Amino acid sequence: MSLVWTLMILFFGGVAAWIGSLFHDRAPRSIALVSVVASILPLALDLVSAAPDPEASRWLVSMNAQWIPSLGVQFSLGLDGLSLLLVVLTAFLGVIAVAAAWDEIVERAGFFYFNLLWTLAGVVGVFTAIDLFLFFFFWEVMLIPMYFIIAIWGHENKRYAATKFFLFTQASGMLLLLALLVLVYFFRVQHGYLSFAYEDLLLVRMNPAIEMWVMLGFFIGFATKLPSVPLHTWLPDAHSQAPTAGSVLLAGVLLKTGAYGLIRFTLPLFPNASAAFTPVALALAVLSILYCAKVALAQSDLKRLIAYTSVSHMGFVLLGVYAWNLLGLQGAVMTMLAHGLSAAALFSLAGGLQRRLHTRDIGSMGGFWQPAPRMAIVALFFSVAALGMPGLGNFIGEFLSLLGAFSVSVSATVLAALGMIFASVYSLWVMQAVFQGGYANASGPASGAALPDLGRRELAVYGLMMLGLIAMGFFPNAFLDVSEAALERLLDLSRLSPLGGIE
Amino acid sequence: MASASGFSAIDTGLSLDSLLLLLPHELVAMTSVIAMLVIAIGRNHFRTALVTFSGLALASLCAGLQLAEALELGMSSQLTPLFLVDSFSVTAVLLICLSSLALALMGYAYLFELDEAKDEYQLMLLLATLGALTLASAAHFATVLIGLEMLSMALYGMIAYTLHGSTQGASNLEAAVKYLVLSAVASATLLFGAALVFAETGTLTIAALDAGSDSLLFQIGLIMVLIGLGFKLSLVPLHLWTPDVYQGAPLPAAATLATIGKAAVAAFLMRLASGAMLMEIDAVWGLLALVAVASIVAGNLLALRQPNLKRLLAYSSIAHMGYFLVAILASEGGADLDVALLYLLVYCVLSLGAFACVTLASSSERESSDFNDFSGLFWRSPWLAFALSVMFLGLAGIPLTAGFIAKFQLFFQAATASEWGLLAAVIVGSSIGLYYYLRLIFQMLMLPESVEPEPGSDARVGLRDLGVESLASLVVLGILTLIVLWSGVYPEPLLSFVEAVAQAL
């Protein structure tokens, strides 16, 4: 039940924020903050009080109710270690997103926070749904509010960006739906009744050709969201046009739903096709890492640059997932968490700069260390985190991904490791371009503009994210232990497949 | 000719019981007579609308009661060779009556400020409804023709309805003449087809048609009948009239055309598919598949850059009729029509809702059908914009709306029947469709400061200055929105209802 409460608090918190805007301009943001924090409480209470034994059942917390019996659809939610980490990340970044929007969103704040909370609710639903119809339902539900966030509060080219975002995700979502329906059809043929339940669909057997097609439907659906080259082109547009809070959500949580889908569904449901597809997936991962790192170097728009680096980092996730061993998966999960924090922080910084300077053009920035030293230090921290400095979460994640991939494909690992060099190049280049050099020499619209440094509230938010990254870097086991049992089970599923799994 | 052959086979006796079965039809017919008398006594817009409303409400109530009974008892009554009353036909009757009820209210508000004669609109709506009801419960080609003609005749008048104001002029007359000529050709084709079928099989009863399915003449006849129906459903390549007529017609008339005009013909097509084993004939199936794919692709592509909302709805209806046809084609030879029925119900509710929104934003003096009229509607009139968004998201098949459930079922049925080509068309069409449905939503989301007043359009659309006459339309729109959202979140009742009805078909 606690999962339902979490969803309810987010859904109704959104409605309350909207209604609250009728009474006071400042009410929505407080309501949103309280809702996001409160949403995680029932779950925490449940986990603490019940102290579930991870060995006993697959799910730490789960619930099940009838929804549409004539389609075999159930309202069933389940939370294991993997979902737990991602739900906590979602709630954490929810707070960060509210903080990012705190001063930035003044116009129509009620509707903004409504959309923000509904996106969060959709994401939490995606991470916990174990009925695939319900999963797809949440998958779509999180897109519509996100579309509104970009379309209403976005920047100059929002119409193009919002439409592109929606079309990419919807069209790939339709492929996902189609593949899901074929899967369910096979289940009905083999077992005589309709069901969308995850555990049921794991039992479906298909001949290799069909399995490959259905797997591709799932893969494309998730790889568009991840995103992986060549389906990534919506992301730079969406990011550069979205308001800061929207970027935080997009980079921090929405991209992770794609990776989660691959781990939870694509590989366990189609072990044989995935094994056959692994070389292609690894190649795409390497391509994403290298190509997007290279493209990032050529950007003059700060947010676009960070967006491309996101795609590059997501390549490590794809690499770790398709290594399909415990190391690789742990690496992928760690990268998801760490990238969630570092990308959210970098987008917040870029948003903060844009709000102060009214431009995202790197060419017109420079020498900001002088007027804004605190901001510079924070930016340096997160840039260094993103480039994979040992001692921070990103390093652990990318290192484990590479380690996992090494046992599968040496050449892919070697090439992917080059990406870490690129990461250093673009991170340091950005630092140099934005914060170093002469402040007075900077040209363009930003020159001479007063540049207020980070305020106390901003510092607190960034400090929180820094702590998270340091904790991941120094105590990775605290995170790895949570997801280990869940990932082991997922690996077992494909090993148990009678036709042979991936090894 | 028709009667001589058909009537001899079955008992022609009309008892009181059988008259009761046609009570909704009789009520609507009586209402139209009463409405005419009321108009003859004295013109009064409100009084005519009240008579119409009461009659349709009574007919809906009867149909509802009949439906409850039919579902319980599994009733199926052949009423003379002309009519068949079973739970499917009663469902169609109920749908048409309720839609027509909404249309009467919309028309009342729309025509409120017109200083010309406005009572005849309701009269013609009643006649169109009667035609649609006849068509929906037809079991014989003679009934089909009578129903179709009654529906079309009334629609000619509604499309050409005399209006003033900036939007009207020669365009609605042009639309009416276009519809008149093409509709007459379609009826003639249907009649000729029916004659060929009769020549080959010796019967005009729908249920007895599967006898001579391998003869060429029979197939040609059937195809001609389908051409006649395809025109009414505006399937490609018989769709050319649709955008012009939608654009030229007054909004309530276009809504009538889009909802009860299509629903009645679609219901008959389903009857034909299940009764006459239409889909068993390979030539017919192949042709319909081609038509369905062409409708989906052409409808969506033509709507893509359409700046006029009425034309957009016309193109979108072409695409939706293509989807509907796919549901019939993938129904195991007409055996499993529950998805087609679901799609039809959802389509009717959604287009009724979309038209209700646009009608609320318009009056007979000024129609808001341009995209620019809706710029920033979200901030001026949030509830109207919300309702219109729900309808458009529903038409696009986005979750949380009934449109998603319908599209989901359609996908599933096509996948189950392994119709991959048709399924691909549906997917491509729906993906394209998203773009133009979103365009309108985006237009409504534009911030007021970025909206520059167009030189031509003075007043901006909104709900703020609506009079009492629109209250009923608002209620109707509210109910429609709730239905769409509720069946999107909890579709179980709708799904089991549709399944129960389709089983009886």
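Residues numbered from 1 in each chain as written. Chains lettered and ligands numbered in written order. Predicted model: local features only at pLDDT ≥ 70, side-chain atom pairs only at ≥ 80, totals over all residues.

**Observations concerning the overall build of chain A**
And then number 1: Counting secondary structure elements, chain A contains 19 helices and two strands.
And then number 2: Against the 2.2 N^0.38 benchmark of 23 Å for 503 residues, chain A shows a C-alpha radius of gyration of 22 Å, consistent with a compact globule.
And then number 3: Structurally, chain A occupies a C-alpha span of about 75 × 60 × 45 Å along its principal axes.
And then number 4: Taken over 503 residues, chain A has a buried fraction of 62%.
And then number 5: Within chain A, contacts between residues at least 6 apart in sequence are counted, and of these 80% link residues at least 24 apart. (Helix = DSSP H or I, 4+ residues; strand = E, 2+ residues; numbered from the N terminus. Rg over C-alpha atoms; globule rule 2.2 N^0.38 Å. Buried ≥ 20, exposed ≤ 12 C-beta atoms within 10 Å, placed from the backbone. Contact = placed C-beta atoms within 7 Å.)

**Quick word on the packing of helix α6 (residues 119–136) of chain B against helix α7 (residues 141–159) of chain B**
Residues and elements named next belong to chain B.
And then number 1: Where α6 meets α7, the axes come as close as 7 Å, and the angle between the chain directions of the two elements is 160°. Taken together, the axes of α6 and α7 lie roughly antiparallel to each other. Judged by the twist between their axes, the crossing of α6 over α7 is left-handed. In contact with Y121, M124, L125, L127, A128, L130, G131, A132, T134 and L135 of α6, α7 contributes T143, V144, I146, G147, L148, M150, L151, A154, L155, G157 and M158.
And then number 2: Residue classes in the contact of α6 with α7 are distributed as 16 nonpolar, five polar and no charged. (Axes fitted to C-alpha atoms, helices over the stretch in contact; angles between N-to-C directions. Parallel < 35°, antiparallel > 145°, perpendicular 65-115°, else oblique. Left-handed = near helix turned anticlockwise from the far one by under 90°. Nonpolar A, V, L, I, M, F, W, Y, C, P; charged D, E, K, R; others polar.)

**Remarks on the interface of chain B and chain A**
And then number 1: Counting residues at the interface gives 20 residues for chain B and 22 residues for chain A.
And then number 2: Where the side of chain B that touches chain A is concerned, the elements lending two or more residues are α17 (402–416), α18 (420–445) and α20 (492–504) of chain B.
And then number 3: Taken together, the residues of the side of chain B that touches chain A sort by class into 14 nonpolar, four polar and two charged.

**With respect to the domain arrangement of chain A**
All names here are of chain A.
And then number 1: We note that the domain assignment places domain 1 (1–269) and domain 2 (288–503) within chain A.
And then number 2: Between domain 1 and domain 2, the C-alpha centre-to-centre distance is 22 Å.
And then number 3: Each partner contributes residues to the interface: domain 1 has 36 residues there, and domain 2 has 42 residues.
And then number 4: Per-element tally for the side of domain 1 that touches domain 2: the top contributor is helix α11 (residues 244–269), with 13 residues.
And then number 5: Residues of the side of domain 1 that touches domain 2, tallied by class, amount to 24 nonpolar, eight polar and four charged. (Domains from an automatic or database assignment.)

**Focus: helix α19 (residues 471–489) of chain B**
One turn of an α-helix holds 3.6 residues; hence residues three or four places apart share an orientation.
Residue and element names in this part refer to chain B.
And then number 1: Over its 19 residues, α19 runs 27 Å from end to end, which matches the ideal 27 Å to within 8%, given 1.5 Å per residue.
And then number 2: Buried within α19 are the following residues: S473, V476, L477, L480, T481, V484, S487 and G488. Each buried residue of α19 sits inside an arc of 145° when the element is viewed along its axis, so together they form one side. Residues of α19 that are exposed and angled more than 90 degrees away from the buried face: L471, V475 and L482.
And then number 3: Looking at the buried positions of α19, the neighbouring elements they touch are α5 (87–111), α14 (338–360), α16 (382–396), α17 and α20. (Expected span 1.5 Å × (residues − 1). Arc of directions from axis to C-beta.)

**Some details on the packing of helix α12 (residues 282–303) of chain B against α18 of chain B**
Each pair of packed helices can be described by the angle between their axes along with the distance between the axes.
Residues and elements named next belong to chain B.
And then number 1: The geometry of α12 relative to α18 is characterised by a closest axis approach of 8 Å and an angle of 15° between their N-to-C directions. Relative to α18, the element α12 is oriented roughly parallel. Of the two possible hands of crossing, α12 and α18 adopt the one that is left-handed. Along its contact with α12, which presents A289, A292, V293, I296, V297, N300, L301 and A303, the element α18 presents L422, A425, V426, G429, I432, G433 and Y436.

**Structural notes on the environment of L73 of chain B**
And then number 1: Mapping L73 of chain B onto the fold places it in helix α4 (residues 45–73).
And then number 2: Along the sequence, L73 of chain B and S87 of chain B sit 14 residues apart, while their C-alpha atoms lie 9.5 Å from each other.

**Side note on the pairing of strand β2 (residues 83–86) of chain B**
All names here are of chain B.
And then number 1: Inspection of the sheet shows strand β1 (residues 76–79) paired to β2 by four bridges, in the antiparallel sense. When the bridges of β2 are listed, S77 appears paired with V85.
And then number 2: Linkage of β1 to β2, two consecutive antiparallel strands, is achieved through a turn of three residues, within which T80 is found at a positive phi near 55°. (Pairing = 2+ DSSP bridges.)

**Re the environment of F75 of chain A**
Residue and element names in this part refer to chain A.
And then number 1: Among the structural elements, F75 can be located in strand β2 (residues 73–79).
And then number 2: On the neighbour-count criterion, F75 (16 C-beta atoms within 10 Å) is partly exposed.
And then number 3: Linking F75 and V4, residues 71 residues apart in sequence, is a C-alpha distance of 10.0 Å.
And then number 4: Leave out the neighbours within four places in its chain, and F75 touches A65, W67, D131 and L134.

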